[in-house]
Each structure stands twice: as C-alpha cells, then as structure tokens.
Amino acid sequence: MEENKVMNENTENTAETVKSAPAEKKPYTKKTFFNDVMEIAESTLITIFVIVMVFTYLLHPVNIVGQSMEPTLYSKDRIFMTTVYFGIDNGDVLVIDNDEVYLIDDNGEPYKADVPNNPINECIIKRVIACGGQTINIDDSDPNNSKVIVDGEVIDEPYIMNGAFTKSTGAFAGKFPFTVPDGYYFVMGDNRENSSDSRSGYVGLIKKDQIYGKAIARYSPFSEFKLLFNSDKKSSDER
C-alpha cells in the first residue's frame with residue numbers, strides 16, 4: 001500500500017512537472033517577419049480597393065452651395081450622392097447637370113430651349129415634385145395659401161419652410177396644369193421663394209440623362225448627419 005502511495009505521488013509530481021513546463025517558442029525569423037508584412041499589406045490594399053470602389057461607383061461627395069434647398073440642406077453642407085439607384089420617385093432629392101433647358105410647346109411636347117449665356121449652366125440640387133406622366137399644377141390664386149397639386153391631389157410638403165409661398169410664375173406660367181412628358185421631371189427647391197428650379201426658364205424640365213445621381217445622406221456637419229431617403233416625409237423643423 002505504501003509503495004502504491006509513493007507511486008501515485010510520483011505520478012502526480014510528474015504530471016505537475018509536465019504541466020508547468022513552458023511551451024517552446026518558435027524563433028522569429030526573417031521569413032516570419034516577411035509573412036506578417038505581406039498579410040498587413042494585403043489587408044491594407046484590400047481596404048483601399050474597397051474604399052476606392054465605393055467612392056467611384058457608389059458614393060460621391062457633393063458640396064452644397066446656395067440656399068435653394070433650405071431648410072433641408074444649407075450652404076456648405078456636404079452630402080453623399082449615389083449614381084446607383086433603382087428608379088426616381090416623387091420626393092427624391094437629385095443632383096442635376098443643368099446643361100440644357102427643356103420646356104413644352106402648346107401641345108405639351110418637350111423641346112430644347114435656346115438659352116444663350118444661361119447663368120445657371122451648372123450643377124444644381126432639387127427635389128422631384130412630379131415624374132413623367134404625372135400632371136402638375138400650382139395654384140397660387142390665394143395669396144395666403146399656395147398649393148402644389150399632382151394628379152389632382154394637393155401634396156403634403158412638410159419639408160418647406162413654414163409660410164413659404166410657391167409661385168406659378170416663370171417658364172410655365174399660363175400652362176398649368178400640364179402633364180410632365182415621359183422621361184422628364186418637374187423639380188423644385190425646398191426654399192420656394194429663393195429657388196431657380198423647373199419654374200424658371202433657366203432650368204425648365206429635367207431630362208433623365210441630366211441627372212447625376214440621388215442624394216442619400218448629409219455627412220457634414222457630422223453632428224447633423226441625416227439620411228435623405230424619405231426626406232419628403234420630414235418636417236422643416238428637423239435640421
């Protein structure tokens with residue numbers, strides 16, 4: 001019995017000795033260092049590639065200049081625009097190349113207007129009010145309450161400034177209501193009393209191929225980050 005007891009104790013001591021023995025460390029060679037460097041370089045290159053692809057094909061930074069989209073967007077705000085989207089809907093905020101002006105004739109057909117030295121031949125940002133095939137009307141007969149009407153229904157516009165008045169004067173004066181031709185859009189700025197938009201003879205209807213992309217988010221100032229999806233459902237009080 002004593003012999004067995006001694007053998008057990010010896011076994012336990014041996015186990016403890018084996019357990020507490022430090023693991024053998026592999027030497028850090030030049031090959032190991034090279035492999036680590038290659039892994040870091042590969043991860044960095046993949047990250048850079050993804051960032052470049054995102055900002056080349058998905059997100060494009062845009063600086064806001066001017067007051068026409070207040071109170072949704074202010075001058076010096078910065079937004080992300082995407083060129084990858086599925087369709088354009090009423091209420092979308094678009095970045096537009098205003099390189100051409102399209103109006104409608106007496107038959108409601110679109111034509112390219114001759115506007116020499118157009119002072120607004122530049123990139124603009126506006127909100128879609130009516131799409132091709134929809135009928136747009138602006139009723140400003142009441143000096144205290146203008147109405148924007150699409151397909152016979154007064155649209156709710158919580159994004160414009162309280163008390164803002166939408167005038168029908170301009171390129172389409174006397175032609176309201178009219179149907180927006182297919183492939184074109186009627187756009188306006190949220191700051192209705194200080195916006196050159198589809199009502200203006202310098203802008204007119206926006207043709208589909210004039211659209212750079214769709215605004216998706218304001219990222220600067222960062223403290224006022226907000227998504228611009230469904231911004232047509234948000235109150236003008238939300239800064």
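Quick summary incoming for the structure in this document. (Residues numbered from 1 in each chain as written. Predicted model: local features only at pLDDT ≥ 70, side-chain atom pairs only at ≥ 80, totals over all residues. Heavy atoms only, no water.)

### Comments concerning the overall build of the chain
Here's step 1: The helix and strand inventory of the chain stands at 2 helices and 14 strands.
Here's step 2: Across the 239 residues that make up the chain, the buried fraction comes to 37%.
Here's step 3: Look at the contacts in the chain between residues 6 or more apart in sequence, and 68% of them connect residues 24 or more apart.
Here's step 4: Summed over its atoms, the accessible surface of the chain is roughly 14,900 Å², and 54% of this surface lies on carbon and sulfur atoms. (Helix = DSSP H or I, 4+ residues; strand = E, 2+ residues; numbered from the N terminus. Buried < 20%, exposed > 50% of the residue type's maximum accessible area, 1.4 Å probe, protein only. Contact = heavy atoms within 4.5 Å. Areas by Shrake-Rupley, 256 points an atom, 1.4 Å probe, with all protein chains shown as cover.)

### Considering the nonpolar core
In globular proteins that are soluble, nonpolar side chains generally tend to be buried together.
Here's step 1: Ile 129, Ile 136, Phe 172, Phe 178, Val 180, Phe 186 and Leu 205 are the most contacted members of the largest nonpolar core, which has 22 residues in total.
Here's step 2: Those elements giving two or more residues to this core turn out to be strand E4 (102–104), strand E6 (123–131), strand E7 (135–139), strand E8 (147–150) and strand E11 (184–188).
Here's step 3: Once residues within four sequence positions are removed from consideration, Val 180 is found in contact with Ala 130, Cys 131, Gly 132, Gly 133, Gln 134, Ile 136, Tyr 185, Phe 186 and Leu 205.
Here's step 4: Ranked by size, the runner-up nonpolar core spans 12 residues in total, among them Ile 96, Ile 120, Tyr 185 and Val 203. (Core = buried A, V, L, I, M, F, W, Y, C linked by side-chain atoms within 4.5 Å.)

### Concerning the environment of Cys 123
Here's step 1: In this fold, Cys 123 is placed in strand E6.
Here's step 2: On the accessibility criterion, Cys 123 (43% relative accessible area) is partly exposed.
Here's step 3: Sequence separation between Cys 123 and Ile 96 is 27 residues, and the spatial gap between their C-alpha atoms is 5.5 Å.
Here's step 4: Residue contacts for Cys 123: discarding those within four places in its chain leaves Val 95, Ile 96 and Tyr 212.

### Side note on the sheet that holds strand E9 (residues 153–154)
Here's step 1: The 4 strands lie next to each other as E9-E8-E7-E10, forming an open sheet whose pairing is antiparallel. The open sheet has two free edges, formed respectively by E9 and strand E10 (178–179), since each of these has just one partner strand.
Here's step 2: Two strands pair when backbone bridges link them, and E8 and E9 are joined in this way by 2 bridges, in the antiparallel orientation. For Val 150, the partnering residue across the bridge sits in E9 and is Glu 153. (Pairing = 2+ DSSP bridges.)

### A few points about a nonpolar patch on the surface
Here's step 1: On the surface, Phe 222, Phe 225, Leu 227 and Phe 229 cluster together into a nonpolar patch covering about 470 Å² of accessible area.
Here's step 2: With respect to the helices and strands, the residue Phe 225 is situated in the loop between strand E13 (211–220) and strand E14 (226–227). (Patch = residues over 30% accessible without salt bridge, like charges linked within 9 Å, V, L, I, M, F, W, Y side chains within 5 Å. Salt bridge = Lys/Arg side-chain N within 4 Å of Asp/Glu carboxyl O.)

### Describing the pattern of salt bridges
Here's step 1: Counted under the stated rule, the structure contains 6 salt bridges.
Here's step 2: For Arg 218, the salt bridge is made with Asp 77, and the minimal N-O distance between the two is 3.0 Å. Highlighted residues: Arg 218 in strand E13 and Asp 77 in the loop between strand E1 (60–63) and strand E2 (78–82), separated in sequence by 141 residues. Here the two residues Arg 218 and Asp 77 agree in accessibility, since each one is buried.

### Details of the packing of aromatic side chains
Here's step 1: Across all of its chains, the model carries 8 aromatic pairs by this definition.
Here's step 2: Arranged with centres 4.8 Å apart and planes meeting at 25 degrees, the rings of Phe 172 and Phe 178 form a pair that is stacked. Across this residue pair, the class does not change: Phe 172 and Phe 178 are buried.
Here's step 3: With 5.5 Å between their ring centres and 40 degrees between their planes, Phe 176 and Phe 178 make a pair best called tilted.
Here's step 4: Classification of Phe 176 as buried rests on a relative accessible area of 16%. (Phe/Tyr/Trp six-rings, centres within 6.5 Å; stacked < 30°, edge-to-face > 60°.)

### Some thoughts on the pairing of E11
Here's step 1: With 5 of its 5 residues buried, E11 lies for the most part within the structure.
Here's step 2: The alternating pattern of E11 places Tyr 184, Phe 186 and Met 188 and Tyr 185 and Val 187 on opposite faces, both of which are buried.
Here's step 3: Strand direction decides the pairing type here: E6 and E11, joined by 4 bridges, are antiparallel. Counterpart to Arg 127 in the pairing with E11 is Met 188.

### Re the pairing of E13
Where a strand is regular, its side chains alternate between the two sheet faces.
Here's step 1: Across the 10 residues that make up E13, a large majority, 7, are buried.
Here's step 2: Note that E2 and E13 share 5 bridges and pair antiparallel. Counted as the bridge partner of Met 81 is Ala 215 from E13.
Here's step 3: Bridge analysis of strand E3 (residues 93–97) against E13 gives 3 bridges, and the strand direction is antiparallel. Considered in E13, the bridge of Leu 94 is made with Lys 214.
Here's step 4: The pairing of E13 with E14 spans 2 bridges and is antiparallel. Residue pairing across strands places Arg 218 opposite Lys 226, the latter belonging to E14.

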